[in-house]
Amino acid sequence: MTPKITVFGEMLWDMLPSGKQPGGAPMNVAIHLKNFGMNPAFISRVGDDDLGVELMDYLNNQDFNTDYIQTGMTHLTGIVKVNLTDKTEVTYKIVQPVAWDYIMPTPENKQLVKDSDVFVYGTLSVRSQQSRETLFELLKDAKLKVFDVNIRPPHLDRATTEYLLEQADIVKVNEHELNAVCTWFGIQPEVETQMKFLYERFNLKLVCVTLGADGAVVLSSDGFHSQGGYAVEVQDTIGSGDSFLAMFLKEYTSGSSIPSALKKACAVGALVASYSGATPVIAEKEIADFLTNNQLNHA
């Protein structure tokens, strides 16, 4: 049985120098899950405007499940202005308020989460009271809860982030976000020390830290698992972490070992960075060929 995964959060347009592209970390994760052969459901909201219609058309053209995406009459579809001056450390200016700040609770959403095996959520969608309250309500019904930490200053609240950590079973975070969170608790900036702190403090099943070009590390009940990075010519890193999470979840929830899931997830993250934009379609054969042909830099 394929695990049933539901993703909650923002969907928007990334406004790049080359033009606009669909984006938002949760939507990227959901699209990659779909590209990897899963059938995720996605809870979000767009505006009743041209950008909203375009986003929905984009998803529908990929046979993506849009049943749980709401359309609001009051607020515009989300946009983000992307700065690609540093291709490996992309920065964002996120417009507020927009439609995904107002994701409403519905009986259908509640039932969907109850029926799902995995529920994925992030930090950005809780910047507004309405989407935050909706997420908190849905978390009560979720089974395996996956918290994808996406710190986008100034949209960060310590108390809310701690609450989301307390709710989580699995936390995925990059090394900079890990350090930002652990600084609150006075934990020294050493990755394994910080991972161990999060794992124990919030009673987690897994902590997964991405290290950019250096790969990723997972801490589970049987200790640390490291995977080195793969060398690629980077176009931009938009969506790399999202594709990593999607592949890791696909493999992990399907019964793969953590080292095996990590290896494939790191390969996908590298491949996505070699393309422009957040959601290039990466075929299984491309992943397999990449793993065969590329020389691994061991962590």
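All values reported here derive from a predicted model rather than from experimental measurement.

(A) Broad picture of empty space enclosed by the protein. In total, this model carries one cavity of 30 Å³ or more according to the counting rule given. Every residue lining the largest cavity is listed: Glu 10, Ala 25, Pro 26, Val 29, Tyr 121, Gly 122, Thr 123, Leu 124, Asp 148 and Asn 150. Of all the secondary structure elements, the ones that give two or more residues to the lining of the largest cavity are helix H1 (25–35) and strand S8 (118–122). Taken together, the residues that form the lining of the largest cavity break down as five nonpolar, three polar and two charged.

(B) Main features of the sheet that holds strand S10 (residues 170–174). The sheet built from nine strands is open, its strands ordered S5-S4-S1-S8-S9-S10-S11-S12-S13 with mixed pairing. Two strands lie at the open edges of the sheet, namely strand S5 (69–72) and strand S13 (223–227), each paired on one side alone. If you compare each strand with its neighbour and ignore which way they point, the axes differ by 15° on average. Two strands pair when backbone bridges link them, and S8 and strand S9 (residues 144–148) are joined in this way by five bridges, in the parallel orientation. Bridge pairing in S9 links Gly 122 to Asp 148. Running over the sheet, helix H9 (residues 258–273) touches strand S11 (206–210), strand S12 (216–220) and S13 and is turned about 30° from S13.

Quick notes on the rules
Residues numbered from 1 in each chain as written. Predicted model: local features only at pLDDT ≥ 70, side-chain atom pairs only at ≥ 80, totals over all residues. Heavy atoms only, no water. 1 Å grid on protein atoms, 1.4 Å probe; cavity = no way out; pocket = protein on both sides within 12 Å on 5 of 7 lines; lining within 4 Å. Points joined across faces, edges and corners; volume = space filled by probe spheres on them. Helix = DSSP H or I, 4+ residues; strand = E, 2+ residues; numbered from the N terminus. Nonpolar A, V, L, I, M, F, W, Y, C, P; charged D, E, K, R; others polar. Pairing = 2+ DSSP bridges. Axes fitted to C-alpha atoms, helices over the stretch in contact; angles between N-to-C directions. Contact = heavy atoms within 4.5 Å.

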